[in-house]
Amino acid sequence: MTKTKQNQCWIILGATSSMARAFAQAVADQGASVILAGRDMDDLKRSAADLSARGVTAEAMKFDARDIATFQPIIDRATREDGVINAAVFVGSMPPQDEIDANPSLIDGVVKDSHTGPAAFLTMLAPIIEDRGAGTVVGVCSVAGDRGRIGNYVYGSAKAGFATYLSGLRNRLTRAGGHVVTVKPGFVDTAMTWGIEGMFLVASPQKVAADCLNAVEKQRNVIYTPFFWRYIMLIIRSIPEFIFKKMSI
């Protein structure tokens, strides 16, 4: 049975991604209000209109992880909602590693999109969660952050940093009644991964969204999705460095 989540507001960053759309639909189905935040306002407005037609409060707002001026208006809008304020972060960018190698200036954007921008937003939101004594943060990281691999080590390092940030934020918010879920997806069928060679065991965005929501309900701390990636990454992390540095995985 679907649980009703009245008097809850979800801020969804990176809401134009397929995983975020599925998650937004899931929490809206529970009765939560939704703030869809991202760069493509036309796309966001269409999604907000669709959710509003289903009887929930949904609003599109501008969010750019590289522009901190876009952060406070979202937080101000959320605080006008009664009850619990939650946030789900689906933001990230992953240019091909060879493009980054040819143009190292791309690193700054990857780090802002995948780590420091979302971290700054959540740091601004944290006092609101503490004041209200409740609230959940879902932070989408990646299995790429578990070990630096030759094919995407810049993106992986940014997501590793974000995972460490979320661990500290979880420590902080737990003391005030809040909670933080760190989500580490494997390969997901999204626009970001389109055309990447060598992908296997690819999950649907709906599967990832369902796992995220289940983790929220059960107050899990860290999840891999699908679940078997926990064991795949355990094996990868266990490979000795003198062997791993010769591998192309």
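What comes next is a walk through the structure.

The rules behind the values
Residues numbered from 1 in each chain as written. Predicted model: local features only at pLDDT ≥ 70, side-chain atom pairs only at ≥ 80, totals over all residues. Heavy atoms only, no water. 1 Å grid on protein atoms, 1.4 Å probe; cavity = no way out; pocket = protein on both sides within 12 Å on 5 of 7 lines; lining within 4 Å. Points joined across faces, edges and corners; volume = space filled by probe spheres on them. Helix = DSSP H or I, 4+ residues; strand = E, 2+ residues; numbered from the N terminus. Nonpolar A, V, L, I, M, F, W, Y, C, P; charged D, E, K, R; others polar. Salt bridge = Lys/Arg side-chain N within 4 Å of Asp/Glu carboxyl O. Buried < 20%, exposed > 50% of the residue type's maximum accessible area, 1.4 Å probe, protein only. Expected span 1.5 Å × (residues − 1). Contact = heavy atoms within 4.5 Å. Disulfide = S-S within 2.5 Å. Pairing = 2+ DSSP bridges. Axes fitted to C-alpha atoms, helices over the stretch in contact; angles between N-to-C directions. Core = buried A, V, L, I, M, F, W, Y, C linked by side-chain atoms within 4.5 Å. Right-handed = clockwise from strand over helix to strand, strands pointing away.

Side note on empty space enclosed by the protein
Right, on to step 1. Scanning the entire structure with this criterion turns up 1 cavity of 30 Å³ or more.
Right, on to step 2. Looking at the largest cavity, the residues that line it are C9, S33, V34, I35, T57, E59, R77 and E81.
Right, on to step 3. At 3 residues, strand 2 (residues 33-38) tops the list of elements feeding residues into the lining of the largest cavity.
Right, on to step 4. When its residues are assigned to classes, the lining of the largest cavity shows 3 nonpolar, 2 polar and 3 charged.

With respect to the pattern of salt bridges
Right, on to step 1. Across all of its chains, the model carries 13 salt bridges by this definition.
Right, on to step 2. Note that R66 is salt-bridged to D113, the shortest N-O span being 2.7 Å. In this pair, R66 sits in the loop between strand 3 (58-62) and helix 3 (71-79) while D113 sits in helix 5 (residues 106-132), placing the two residues 47 residues apart along the sequence.
Right, on to step 3. On the basis of relative accessible area, R66 is assigned to the partly exposed category, the value being 45%.
Right, on to step 4. Assessed through its relative accessible area of 2%, D113 is described here as buried.
Right, on to step 5. A single salt-bridge network, built from bridges that share partners, covers R39, D64, R66 and D113.

Description of helix 1 (residues 18-29)
Right, on to step 1. Here helix 1 is 12 residues long and its end C-alpha atoms lie 17 Å apart, about the 16 Å a rise of 1.5 Å per residue gives.
Right, on to step 2. Contacts made by the buried residues of helix 1 are with strand 1 (8-13), strand 2, helix 2 (41-53), strand 4 (84-89), strand 5 (135-140) and helix 7 (205-218).
Right, on to step 3. In the segment just after helix 1, G31 is the residue with positive phi, at about 100°.

Section: the state of the cysteines
Right, on to step 1. In this structure the tally under the stated criterion is 0 disulfides.
Right, on to step 2. With no disulfide of its own, C9 has C212 as its nearest cysteine by sulfur position, at a separation of 18 Å.
Right, on to step 3. Summary of cysteine pairing: C141 is not part of a disulfide, and the nearest cysteine sulfur, belonging to C212, is at 11 Å.

Comments concerning the sheet that holds strand 2
Right, on to step 1. Spatially, the 7 strands line up as an open sheet ordered 3-2-1-4-5-6-7, and their pairing is parallel. Each edge of the open sheet is held by one strand with a lone partner, namely strand 3 and strand 7 (222-225). Here the strands of the sheet are splayed against their neighbours by 20° on average, with no regard to which way each runs.
Right, on to step 2. Where strand 6 (residues 178-185) meets strand 7, 4 bridges bridge the pair, whose relative direction is parallel. Its bridge partner being in strand 7, V183 is matched across the sheet by I223.
Right, on to step 3. Strand contacts of helix 3: strand 1, strand 2, strand 3 and strand 4, with the helix running at about 160° to strand 3, the strand carrying the most contacts.

Considerations on the nonpolar core
Right, on to step 1. Judged by nonpolar contacts, the single largest core of 34 residues is most densely connected at W10, I12, F23, L36 and V138.
Right, on to step 2. Secondary structure elements with two or more residues in this core: strand 1, helix 1, strand 2, helix 2, strand 3, strand 5, strand 6 and helix 7.
Right, on to step 3. Broken down by element, this core gets its largest block of residues, 7 residues, from helix 1.
Right, on to step 4. Contact partners of V138, with chain neighbours within four places excluded, come to W10, F23, A87, A88, V89, V181, V183, C212 and V216.
Right, on to step 5. Judged by nonpolar contacts, the second largest core, of 32 residues, contains I35, M61, I85 and V137.

A closer look at the pairing of strand 5
Right, on to step 1. Across the 6 residues of strand 5, 6 count as buried, placing the element largely inside the fold.
Right, on to step 2. The alternating pattern of strand 5 places G135, V137 and G139 and T136, V138 and V140 on opposite faces, both of which are buried.
Right, on to step 3. Both strand 5 and strand 6 contribute to a ladder of 6 bridges, which runs parallel. Paired with V137 across the two strands is V180, which belongs to strand 6.
Right, on to step 4. Note on the crossover from strand 5 through helix 6 (residues 153-174) to strand 6: the handedness is right-handed.

Read these as layout, nothing more, since geometry by itself doesn't imply function.
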